[in-house]
Amino acid sequence: MEGCSRKQDAEVYELAICFARMWGVAETLNSLPNLGFPEIKERMIRWAEECIAGGEEDFVIFFGRKLAERDY
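Each residue is numbered by its place in its chain's sequence as written, counting from 1. Predicted model: local features are reported for residues with pLDDT of at least 70 only, side-chain atom pairs are reported and counted for 80 or more only, and whole-chain, interface and lining totals are derived from all residues. Values reported for side chains reflect all heavy atoms of the structure, with hydrogen atoms and water molecules removed beforehand.

Participant: I'd like to hear about the pattern of salt bridges, residue by residue, with values.
Facilitator: What makes a salt bridge here is a side-chain nitrogen of Lys or Arg within 4 Å of a carboxyl oxygen of Asp or Glu, nothing more. Applying the stated criterion to the full structure yields five salt bridges. Across the salt bridge formed by Lys 66 and Glu 50, the nearest N and O atoms sit 3.2 Å from each other. Note that Lys 66 is positioned in helix α3 (residues 59–69) and Glu 50 in helix α2 (residues 37–53), a separation of 16 residues in sequence. A cluster of three or more residues bridged by salt bridges with shared partners is formed by Glu 50, Lys 66 and Glu 69. We count a stretch as a helix when DSSP gives it H or I for four or more residues in a row; a strand needs E for two or more, and each element gets its number in order from the N terminus.

Quick look at the structure:
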């Protein structure tokens, strides 16, 4: 059971890293605020968990939808 949990954690963290990189690009191309490392880290992990739990098929579309919400 512990191995399954570690695999899920790795999936969340890998997706959170993708989201963090996408945020960095979006900061450069759009007018996103520079929220600082702790806030970005927590937000990207939360978004990754939400994306995976929701069974999203396309994480890029999910990310775009989250940016459009402007909840930052």
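Participant: So what about the environment of Glu 39? Which residues, and what values?
Facilitator: Residue placement: Glu 39 occurs in helix α2. Exposure is judged per residue with a 1.4 Å probe applied to protein chains only, and the accessible area is read against the type maximum: over 50% gives exposed, under 20% gives buried, and values in between give partly exposed. By relative accessible area, which is 32% here, Glu 39 ends up partly exposed. Taking the C-alpha atoms as reference points, Glu 39 and Lys 7, separated by 32 residues in sequence, lie 24 Å from one another. Polar contacts involving the side chain of Glu 39 include one to the side chain of Arg 43, which spans 2.5 Å. Think of a polar contact as two N or O atoms within 3.5 Å of one another; within protein, one of them needs to be a possible hydrogen donor and the other a possible acceptor, and neighboring residues in sequence only count if both atoms come from side chains.

Participant: Pulling in residues and values, what's your account of α3?
Facilitator: The set of residues buried in α3 consists of Phe 62, Phe 63, Lys 66 and Leu 67. Relative to the axis of α3, the buried residues are bounded by an arc of 135 degrees and lie together on one face. Residues of α3 that are exposed and point over 90 degrees away from its buried face: Ile 61 and Ala 68. Sitting at the head of α3, Asp 58 places a side-chain oxygen 2.9 Å from the backbone nitrogen of Val 60. Two residues or fewer past α3, Arg 70 is found with a positive phi of approximately 50 degrees. What the arc describes is the spread of directions from the helix axis to the C-beta atoms.

Participant: So what's going on with the environment of Val 60? Residues and values would help.
Facilitator: When you line up the elements, Val 60 lands in helix α3. With relative accessibility at 46%, the residue Val 60 sits in the partly exposed group. Along the chain, Val 60 and Phe 19 lie 41 residues apart, while their C-alpha atoms are 8.6 Å from each other.

Participant: Tell me about the confidence of the model for the chain, residues and numbers included.
Facilitator: Overall, the predicted model of the chain reaches an average pLDDT of 89, with 92% of residues at or above 70. No element of the chain has a lower mean pLDDT than helix α1 (residues 2–29), at 87, and none a higher one than α2, at 96. What pLDDT expresses is the predictor's confidence in each residue, scored from 0 to 100.

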